[in-house]
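Here are the chains, one letter per residue:
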Amino acid sequence: MSQNSQNNQKQNNASNKNNGNNKPKNNSKRSGKNYRGAAMRAQRRNHDDVQKRLSGYADAASSRDNNKNNDNPKPKRANAIDDSPRLKIIGLGGMDNGGSKNMVLVEYENDAVIIDCGIDLSVDLPGINYGIADTAYLEKIKKKLRAYIVTHGHLDHIGALPHVVPRFPAPIYGSKFSTARVEEIFGNFGPQMPEGFNLETVSMNEDTHERLKIGPFFVELVRVTHSIPGSTLVVLDTPVGRIINTGDFRLDPNPLDHERTDTERIKQLGDEGVLALLSESTTTERAGRTPSESTIEQSFVDIIENAPGRIFVGVFSTNMNRIQMIVNAAVHHGRKVAMDGRSMVSTLDMAVRHGFMKIPKGTFVPIASAASMKDEELVVVCTGSQGEPSSAMQRMSNGEHRHVKLKEQDTVILSSTPIPESGNDALIGKMVDELMRKGVHVFRHETHEIDSCGPLHVSGHASIDEYKDMIQMTKPKFFIPVYGSYRSKQRHIEIAVEEGIARKDTLNAGNGDVIALTKSNMELQGKVPAGTILVDQTGSIVSSVVVRDRLLLAEEGLVAVILTIDKKSSNLLTSPDIISRGFIYMRDNEELMSNLRTELKRAVAQRYKRVDLDRFKQELKDHVSSFLYEYTERSPTIIPVVNVVGPGKGGNNAKPGNDTSSQNNKNNNQNKPKEKTPDEIAQEQQTRFEEMRAKLLGQDARID
């Protein structure tokens with residue numbers, strides 16, 4: 001079916017459904033047709049739709065069940081150990097979805113290291129903040145793990161470390177800035193670390209070509225240019241051969257901090273021999289070369305010079321070079337700088353303490369002082385360039401910021417573009433709309449030409465010509481694109497083939513694929529469990545089952561039916577209570593609710609005495625589901641609640657010798673001065689139930 005046909009079918013289906021304000025199609029008389037099958041099919045469709053949405057974020061449980069021993073796809077005799085000299089490279093994350101939750105495992109016999117351990121911030125599920133790579137496979141090899149090595153300090157490369165390292169402890173290696181970022185993230189992490197856990201970081205000097213031994217491996221970091229200080233590629237010498245993971249990079253000839261990519265060392269490594277190049281693939285569909293960071297410096301100087309009022313700049317919190325550039329321009333025009341955004345302030349503090357930024361004394365002022373300063377004296381640098389909810393810029397645009405109220409003549413500069421594959425375009429668009437409604441002039445990189453200003457952003461990633469340069473410098477035998485979507489990695493393979501690498505020596509692997517390397521051969525050797533673990537705002541893990549239920553509730557809503565049945569007579573003590581949330585508005589559908597109560601009364605009279613309680617609740621659930629589907633063609637989640645009140649022997653609980661309340665009275669008879677009568681007990685239970693019912697409903701459920 002074509003995409004247009006699918007969309008039309010969805011629209012037709014939607015038009016046949018009643019929204020919350022529509023009347024049910026037939027309240028006066030039931031047609032007599034059996035709607036149970038239709039309701040069950042509708043429920044299955046809802047579950048299938050939800051499962052498809054969750055499939056991109058599934059954990060490794062199903063994979064673990066379906067791929068047992070796939071990490072050893074050529075099984076030998078029982079208890080045999082595969083100790084052949086193969087180097088295994090496994091992308092536990094980062095091999096899809098635009099390069100997120102980046103995590104590459106390198107394993108050789110009884111030793112293993114992990115390169116990068118990041119998060120996926122693009123997860124769009126209710127109550128979910130981000131995703132991390134599933135570590136099910138690490139449970140099997142935890143005794144092999146010797147180290148974590150990080151290429152740079154962005155969250156998609158280090159954000160999962162506080163979740164993973166305490167469970168699988170090992171030292172974390174990286175540049176001075178990267179390890180400082182790791183320590184900062186651990187320090188700000190919400191959940192408490194396990195008792196006895198001690199974070200161990202090892203700072204390496206990327207400028208001196210320092211090499212450290214980790215088990216049978218030797219690791220070296222080589223400086224590359226990216227949008228955060230301390231970015232490096234990782235050189236890992238293994239018993240099989242040398243592999244290089246580029247991390248995120250660009251070949252900027254003139255970065256603000258003058259920390260150019262160490263191309264001389266990279267060429268030297270290539271001349272010595274590289275077995276496999278693992279090269280990031282984020283922007284392999286962009287032609288030419290990425291402009292230098294220096295090309296945007298004058299843009300900030302010009303805008304600040306001509307702006308009539310306060311200036312607010314939205315920028316990535318880790319882009320210290322960009323922030324340094326903005327601070328320099330503000331100082332040049334005699335303005336003070338206020339920083340806002342928790343992540344930005346934390347990272348800036350770390351960068352200043354470690355000497356990565358040079359800030360003239362007296363430049364910074366508290367954000368709380370913004371309201372009292374003259375407009376022409378202030379530049380505010382803040383988070384929110386991606387329109388992130390609760391970010392500083394977003395709160396300013398909504399008028400919810402504690403210290404800043406935007407006004408006409410204010411100027412906002414968004415020094416970024418939407419992150420690829422993140423879906424942030426809509427968030428940024430809505431934020432810009434709100435800013436413009438306030439009369440604020442907004443400068444964006446996308447519109448800089450029609451705004452008559454210079455460029456406001458350059459990418460931290462390479463373009464095609466730079467990807468070619470990396471392949472030419474390293475001259476690898478095997479090529480493995482990483483950190484990108486399938487299409488961008490496939491494009492990278494085409495670039496590698498153009499540069500002379502044989503197609504048979506390239507692999508577009510997915511998460512969990514085991515790439516086995518020898519000195520002369522590369523092949524896929526099965527699959528290990530891989531997937532996504534979901535994390536909420538508090539840093540706690542959220543079960544995919546919980547998220548599935550949230551999606552189902554969001555799709556069709558919930559209906560709870562509450563029955564109070566006298567244990568002695570098996571009759572209803574009160575009219576059935578019905579609670580609807582996200583399904584229909586009961587005040588507009590009183591006739592339907594009245595008919596449903598009649599059906600519930602009939603169900604109690606006909607079935608309650610004949611089956612046990614669990615069976616009765618299941619039948620009740622099926623009956624309500626088919627009843628509601630007949631009248632609304634919708635299938636909400638049904639929750640039946642059956643309260644049995646009273647000590648008498650009746651209904652489905654009246655089994656001889658199984659009356660719990662009577663038995664307890666007998667056992668405790670000697671300890672009680674006076675035994676309560678069944679009527680007194682029943683009255684107490686009824687009173688307690690009425691109190692609970694009042695708290696539960698909070699209002700008249702029949703008209704809500």
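Residues numbered from 1 in each chain as written. Predicted model: local features only at pLDDT ≥ 70, side-chain atom pairs only at ≥ 80, totals over all residues. Heavy atoms only, no water.

## What about the overall build of the protein chain?
Applied cut-off: In DSSP terms, a helix is any run of H or I states spanning at least four residues, a strand is any run of E spanning at least two, and both are numbered starting from the N terminus. Relative accessibility under 20% of the residue-type maximum defines a buried residue, over 50% an exposed one, and the middle range a partly exposed one, all with a 1.4 Å probe and only protein chains included. With residues, only the protein chains shown are counted as cover, and all accessible areas are computed by Shrake-Rupley using a 1.4 Å probe.
Of regular secondary structure, the protein chain possesses 20 helices and 26 strands. The buried share of the protein chain, reckoned over its 704 residues, is 52%. Taken as a whole, the protein chain presents about 32800 Å² of accessible surface, with 47% of it coming from carbon and sulfur.

## Regarding the confidence of the model for the protein chain
Here is the rule: Confidence of the predictor at the level of single residues is captured by pLDDT, which takes values from 0 to 100. Note on contacts: a residue pair is in contact if any heavy atoms of the two residues lie within 4.5 Å.
Chain-level pLDDT for the protein chain is 85 on average; 81% of the residues reach the 70-or-more range. Here residues 653-673 scores under 50 on pLDDT; set against residues more than four positions off or in separate chains, the count is 14 contacts. Within the model, pLDDT remains below 50 along residues 696-704, and this stretch shows 19 contacts once partners closer than five positions in the same chain are excluded.

## Points about unusual backbone geometry
The backbone of serine 452 sits at a positive phi, close to 60°, despite the residue not being glycine. The class for serine 452 is exposed, based on a relative accessible area of 69%. With phi around 55°, glutamate 633 is a residue other than glycine that occupies positive phi space. Tracing the backbone shows glutamate 633 in the loop between α18 (613-632) and β26 (637-645). Overall, glutamate 633 belongs to the partly exposed group, its relative accessible area being 28%.

## Regarding empty space enclosed by the protein
Basically, it comes down to this: Of the two site types, the cavity is a set of points on a 1 Å grid over the protein atoms alone where a 1.4 Å probe fits but cannot get out, and the pocket is an open set with protein on both sides within 12 Å along at least five of seven lines, each lined by residues with an atom within 4 Å of a point. Grid points are joined across faces, edges and corners, and a volume is the space filled by probe spheres set on the points. Residue polarity follows a fixed list, in which Ala, Val, Leu, Ile, Met, Phe, Trp, Tyr, Cys and Pro are nonpolar, Asp, Glu, Lys and Arg are charged, and the others, Gly among them, are polar.
Per the counting criterion, the structure on display carries one cavity of 30 Å³ or more. In this structure, the largest cavity encloses a volume near 40 Å³. Lining the largest cavity we find Ser385, Leu414, Ser416, Thr417, Pro418, Ile428, Arg444 and Glu446. Residue composition of the lining of the largest cavity, by class: three nonpolar, three polar and two charged.

## Some details on the environment of phenylalanine 312
Tracing the backbone through its elements, the reader meets phenylalanine 312 in strand β14 (residues 311-314). When the C-alpha positions of phenylalanine 312 and alanine 338 are compared, they lie 9.4 Å apart, and in sequence the two are 26 residues distant.

## Re the sheet that holds strand β3 (residues 111-115)
Using the following cut-off: Strand pairing follows a simple DSSP-based rule, namely that at least 2 bridges must link the two strands. Orientation is described by axes fitted as lines to C-alpha atoms, over the contacting stretch for helices, and by angles from 0 to 180 degrees between their N-to-C directions.
Strand order in the open sheet formed by eight strands is β8-β7-β6-β3-β2-β1-β20-β21, and the pairing between neighbours is mixed. Taken across any chain shown, the strands that pair with only one partner, and hence form the sheet edges, are β8 (201-204) and β21 (522-527). Going across the sheet, the axis of each strand differs from the next one's by a mean of 25°, ignoring polarity. Of the pairings in the sheet, the one linking strand β1 (residues 87-93) to strand β20 (residues 513-517) comprises four bridges and is antiparallel in character. Looking at the pairing, isoleucine 90 lines up with valine 514 of β20. Along the sheet face, helix α7 (residues 176-188) touches β7 (172-175) and β8 and points at about 130° away from the line of β7.

## Some thoughts on the pattern of salt bridges
Our working definition: Each salt bridge in this description consists of a side-chain nitrogen of Lys or Arg and a carboxyl oxygen of Asp or Glu lying within 4 Å of one another.
Applying the stated criterion to the full structure yields 30 salt bridges. Measuring nitrogen to oxygen at the nearest pair gives 2.7 Å for the salt bridge that ties aspartate 410 to arginine 310. Separated by 100 residues along the polypeptide, aspartate 410 in the loop between α12 (392-398) and β17 (411-414) and arginine 310 in the loop between α9 (297-306) and β14 bring together distant segments of the chain. Judged by relative accessible area, aspartate 410 falls into the buried class, the value being 1%. On the basis of relative accessible area, arginine 310 is assigned to the buried category, the value being 5%. Between glutamate 434 and arginine 437 there is a salt bridge, and its shortest N-O distance comes to 2.7 Å.

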